[in-house]
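Inside the fold
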Amino acid sequence: MIVSGSTSQALAADLAAELDEDLAAVEFHRFPDGELLAAAPGFEADRAVVVGSTVSSDAHVELLQLQDAVREAGASEVVTVVPYMGYARQDRPVAPGKSTAESPPGYPLSARAVARALSAGTDRVLTVTPHEEAVCEFFDPPAESVEAAGLLADPLPELSDPVFLAPDGGAVDLARSVRDEYDGGAVDHFEKTRLSGSTVEIRPGDADVAGRDVVLVDDIVATGSTMSESIGVLHERGVDRVFVTCVHPLLAGGALTRLRRAGVDGVYGTDTIERPVSAVSAAPAIAAALADHDS
Ligand code: R5P
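Residues numbered from 1 in each chain as written. Predicted model: local features only at pLDDT ≥ 70, side-chain atom pairs only at ≥ 80, totals over all residues. Heavy atoms only, no water.

**Digging into the site of the ligand**
Note the cut-off: Residues are counted as near a molecule or strand when any one of their heavy atoms sits within 4 Å of it. As used in this structure description, the phrase polar contact means that two N or O atoms lie within 3.5 Å; if the pair is within protein, one of them must be able to donate a hydrogen and the other to accept it, and residues adjacent in sequence are counted only when both atoms belong to side chains. Here the open area of atoms and residues is found with the Shrake-Rupley method and a 1.4 Å probe, where only the protein chains shown may cover a residue. Where helices and strands are cited, they refer to DSSP runs of H or I of at least four residues and of E of at least two residues respectively, numbered from the N terminus. Classes in brief: Ala, Val, Leu, Ile, Met, Phe, Trp, Tyr, Cys and Pro nonpolar; Asp, Glu, Lys and Arg charged; the others, Gly included, polar.
Taken together, 13 residues lie near the ligand, and Arg-89, Asp-218, Asp-219, Thr-223 and Thr-226 sit nearest. A distance of 2.8 Å separates an oxygen atom of the ligand from a polar side-chain atom of Lys-192. Taken by itself the ligand offers 370 Å² of open surface, and the protein chains cover 91% of this. Listing elements by their share of the shell around the ligand, those giving two or more residues are strand S10 (191-196), strand S12 (214-220) and helix H5 (225-236). Counting residues per element, the shell around the ligand draws most heavily on S12, which supplies 3 residues. Grouping the amino acids of the shell around the ligand by side-chain chemistry returns 3 nonpolar, 5 polar and 5 charged.

Pasting the structure below:
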């Protein structure tokens, strides 16, 4: 039975359809003191697949409550699907305004802290395209990442002489996955230096983009600084159209407006974070990973 947190309702419903499993009834309540209650009344199955993107601290608590609720209701196996794992980017101690090397003692490894909390209530974890695959090692039960970047080729329009471009070397495999699924085009990458939480510097290298369509590919669009800087550089270099794709369209604050003002022609993400640009569902990739394990 599929059990949805409040942040992943569309994805969970698609997953239930993909797996031909029932979608549990869920209830969400906030008490006057601000505390949350997430419940799955009437849950009845041997296996629970609890699905929730931890986009906020509330969403973390909900997921912990749902894990506990289904175990209380008799589930003998609990699988936790975290389509977008919040805090995964804090996979080393970080002190705001300082480089990782300068982080003094007393700062947490936040990705590990949240992984430990989620580990207590589950037998297995799946998460989609984490910023670093190594975060899976922070969980106690078996945890695996599901690669969903290739799905981003699906909503793209017909492209002319496309370049699939990563804003930094770390995302070039994602760009290659989208290109492979699109079935044609070049792959290249820029170099990025992060100056602060919301500012980056992009060095374009020698990517040949003049008169071509460019598809920017990254794991996350958060503040939109990486993508808007990249779009600016591409326009300076005479690009034709620019499309932004990402697995996790976090789109914090005015990120979407920032991309539009930078001159993007289209923005496409998956539903690991449910946003207006969530043009494709990660459910088939998650269902395939669950089915692989079951067979
Ligand atoms: C970091 O390296 C990630 O891959 C993304 O590039 C980053 O999270 C994007 O953040 P923002 O949209 O704030 O530039």
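**Brief notes about the pairing of strand S14 (residues 266-270)**
Our working definition: The classification of residues rests on relative accessible area computed with a 1.4 Å probe and restricted to protein chains. Under 20% of the type maximum is buried, over 50% is exposed, and intermediate values are partly exposed. Being paired, for any two strands, means DSSP has found at least two bridges between them. For a crossover, the right-handed case is the one in which the path from the first strand over the helix to the second runs clockwise, viewed with the strands pointing away from the viewer.
Within S14, 5 of the 5 residues are buried, leaving the element largely enclosed by the surrounding structure. The two faces of S14 match: Gly-266, Tyr-268 and Thr-270 on one face and Val-267 and Gly-269 on the other face are all buried. Two elements, strand S13 (residues 242-248) and S14, share 4 bridges in a ladder whose sense is parallel. Across the sheet, residue Phe-243 finds its bridge partner in S14, namely Gly-266. With respect to chirality, the unit in which S13 leads through helix H6 (residues 255-262) into the neighbouring parallel S14 is right-handed.

**A closer look at the sheet that holds strand S1 (residues 2-4)**
We apply this condition: Helix axes are fitted only over the stretch in contact, all axes being lines through C-alpha atoms; the angle between N-to-C directions runs from 0 to 180 degrees. Any pair of residues with heavy atoms lying within 4.5 Å of one another is described as a contacting pair.
The sheet built from 5 strands is open, its strands ordered S1-S4-S5-S6-S7 with parallel pairing. Looking at which strands have only one partner, the edges of the open sheet turn out to be S1 and strand S7 (143-146). With direction set aside, neighbouring strand axes in the sheet form an average angle of 20 degrees. Across the sheet, helix H1 (residues 9-19) lies against S1 and strand S4 (47-51), angled at about 175 degrees from S1, the strand it touches most.

**A look at the packing of aromatic side chains**
Aromatic rings in a pair are described by how distant their centres are and how their planes are angled relative to each other. Let me state the cut-off plainly: Ring pairs shown here join Phe, Tyr and Trp side chains whose ring centres sit within 6.5 Å, with only the six-membered ring taken for Trp; geometry is labelled stacked below 30 degrees between planes, edge-to-face above 60, and tilted in between.
All told, the structure shown has 2 aromatic pairs when counted by the stated rule. Ring plane angle 50 degrees and centroid distance 5.7 Å describe the contact between Phe-164 and Tyr-182, whose orientation is recorded as tilted. Of this pair, Phe-164 sits in strand S8 (residues 163-166) while Tyr-182 sits in helix H4 (residues 172-182), placing them 18 residues apart in sequence. A relative accessible area of 0% places Phe-164 in the buried class.

**Topic: the nonpolar core**
Our working rule: We call a set of buried Ala, Val, Leu, Ile, Met, Phe, Trp, Tyr and Cys residues a nonpolar core when their side-chain atoms join them within 4.5 Å.
Leu-15, Val-49, Val-51, Leu-126, Leu-156, Val-178 and Ile-286 are the most contacted members of the largest nonpolar core, which has 38 residues in total. Element by element, the count of residues in this core is highest for helix H7 (residues 283-294), at 6 residues. Once residues lying within four places of it in the same chain are set aside, the contact partners of Val-51 are Ile-2, Val-3, Ser-4, Gly-5, Ser-8, Leu-11, Ala-12, Leu-15, Leu-63, Val-81 and Pro-83. Counting 25 residues, the second largest nonpolar core, distinct from the first, contains Met-1, Ala-48, Ala-115 and Val-135.

**What about the sheet that holds S12?**
Spatially, S9-S8-S12-S13-S14-S15 is the arrangement adopted by the 6 strands of the open sheet, whose pairing is parallel. Edge positions in the open sheet fall to strand S9 (186-189) and strand S15 (278-280), since each of these has one partner strand only. Across the sheet, the mean angle from the axis of one strand to that of its neighbour is 30 degrees, orientation sign disregarded. Where H5 meets the sheet, its contacts fall on S8, S12 and S13, and the angle it forms with S12 comes to roughly 165 degrees.

**Re helix H2 (residues 57-72)**
An α-helical turn contains 3.6 residues, so a residue and the one three or four places further along point in the same direction. Test applied: Multiplying 1.5 Å by the residue count of a helix minus one yields the expected span of that helix. Directions are taken from the helix axis to each C-beta atom, and the arc is the one they span.
Over its 16 residues, H2 runs 23 Å from end to end, which matches the ideal 22 Å to within 8%, given 1.5 Å per residue. Taken together, the buried positions of H2 are occupied by Ala-59, His-60, Glu-62, Leu-63, Leu-66, Gln-67 and Val-70. The arc that holds the buried residues of H2, viewed along the axis, is 160 degrees, so those residues lie on one side. Looking at the packing, one finds that the buried side of H2 touches S1, strand S2 (27-30), strand S3 (36-39), S4, strand S5 (77-82) and helix H3 (110-119). Positive phi shows up at Gly-74, right after H2, with a value of about 105 degrees.

**Considerations on the environment of Ala-17**
The residue Ala-17 is located in helix H1 in this model. By relative accessible area, which is 59% here, Ala-17 ends up exposed.

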